Amino acid sequence: MVVKVYISGISGNKEVKKRQQRVLMILDSKNIKYEIIDITEPGREDDKDFMQNNSKSNGGTVSDPNPRSPLPPQLFNDDEYCGDYDQFDLANEVDTLEQFLKVEVPPEISPAQEKTNAVNGVIQQNEDQNGSKDEEQIVNLTAESTTQPADAEADNSSHDVAEENSVENKTIDKEPSPVRQQSQEKPVEETENESKVISKENTPVKDDGVNENGATASREQSAEKEQVNEKDNLSEALIESEKMAASD
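It should be emphasised that the depicted structure is a prediction, and the values quoted were computed from it without experimental measurement.

How each quantity is defined
- Residues numbered from 1 in each chain as written.
- Predicted model: local features only at pLDDT ≥ 70, side-chain atom pairs only at ≥ 80, totals over all residues.
- Heavy atoms only, no water.
- Helix = DSSP H or I, 4+ residues; strand = E, 2+ residues; numbered from the N terminus.
- Buried < 20%, exposed > 50% of the residue type's maximum accessible area, 1.4 Å probe, protein only.
- Lys, Arg positive; Asp, Glu negative; His and termini not counted.
- Salt bridge = Lys/Arg side-chain N within 4 Å of Asp/Glu carboxyl O.
- Polar contact = N/O pair within 3.5 Å; in protein donor to acceptor, adjacent residues only side chain to side chain.
- Contact = heavy atoms within 4.5 Å.
- Pairing = 2+ DSSP bridges.
- Axes fitted to C-alpha atoms, helices over the stretch in contact; angles between N-to-C directions.

### A short note on the side chain of aspartate 38
Alright, step 1. Within the fold, aspartate 38 resides in strand E2 (residues 34–38).
Alright, step 2. Arginine 44 provides the closest opposite charge to the buried, unpaired aspartate 38, separated from it by 7.6 Å.
Alright, step 3. Here glycine 9 takes part through its backbone nitrogen, which lies 2.9 Å from a polar atom of the side chain of aspartate 38.
Alright, step 4. Within the structure, the side chain of aspartate 38 is placed 2.6 Å from the side chain of threonine 40, a separation counted as a polar contact.
Alright, step 5. Beyond its immediate chain neighbours, meaning those up to four positions away, aspartate 38 contacts Ile7, Ser8, Gly9 and Arg44.

The following block contains the structure:
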């Protein structure tokens, strides 16, 4: 069952146009499905005859209270007549528009049900918020779980690099460079030279003049001794000769 609204798209009556707009606006606000039938469109002669023949109210206006034929808007539910604009407006005023249009009336909601629905709505919102929070936590946990292995790999790689650097440093320390060997050998030679110099400094240096004087002194003494010995020998020889002469 569909509500049909018969209108005139090219009507020169301003009041008719305003009524048509108001009917459509109210139906949209009530979320009532309807079908617009413009009797002035080409090929709509049968619809126009149907409206004029089946409309029980003429839809008189202030300017034309007694028209010759019914004026739009006229409302039908399929082929069943509902009424004209005045009847439509009255049903809207007394809140019986659904009965007027012969459509199903939505079930009435009591205040208690409205409160429970409101509470349930709040609870539902809270549950949705909690669900979104849980999803965010799950996403964060998954993100952390994915980033932790990457961080661990980065730490392990950095640790391995540090160990390699330490091993290289140790090997470098264990293997002295030629420069260091030369630097180590040079101090040994220098220490040996220094020790030789110190030993030379500690040993008394013989003076050349003293040595020569000592040598000459010993020679003179030996020459003197020889002279003394010769004198003694001569004196002994004289004594013996004198004794020999005396004995003779």
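### Description of the pattern of salt bridges
Alright, step 1. In total, this model carries five salt bridges according to the counting rule given.
Alright, step 2. Here aspartate 89 ties to arginine 22 by a salt bridge, and the two come within 3.2 Å at their closest N and O atoms. On the criterion of sequence distance, the pair formed by aspartate 89 in helix H3 (residues 85–93) and arginine 22 in helix H1 (residues 14–29) is long-range, its members being 67 residues apart.
Alright, step 3. A relative accessible area of 28% places arginine 22 in the partly exposed class.
Alright, step 4. When salt bridges with common partners are traced through the structure, they connect Glu15, Arg19 and Asp86 into a single cluster.

### Let's talk about the sheet that holds strand E1 (residues 3–7)
Alright, step 1. Overall, mixed pairing links the four strands, which are arranged E2-E1-E3-E4 in an open sheet. Looking at strand neighbours, the two that pair on one side only are E2 and strand E4 (80–84), the edges of this open sheet. Adjacent strand axes in the sheet meet at a mean angle of 25 degrees, parallel and antiparallel pairs treated alike.
Alright, step 2. In terms of strand pairing, E1 meets E2 through five bridges, oriented parallel. Bridging across to E2, valine 5 finds its partner in isoleucine 36.

### A short note on the side chain of glutamine 74
Alright, step 1. For glutamine 74, the position within the fold is in strand E3 (residues 74–77).
Alright, step 2. Its relative accessible area of 0% is what places glutamine 74 among the buried residues.
Alright, step 3. There is a polar contact of 2.8 Å between the side chain of glutamine 74 and the backbone oxygen of leucine 71.
Alright, step 4. Setting aside residues up to four positions removed in sequence, glutamine 74 forms contacts with Lys4, Val5, Tyr6, Met51, Ser55, Ser57, Asn58, Gly59, Tyr81, Gly83 and Asp84.

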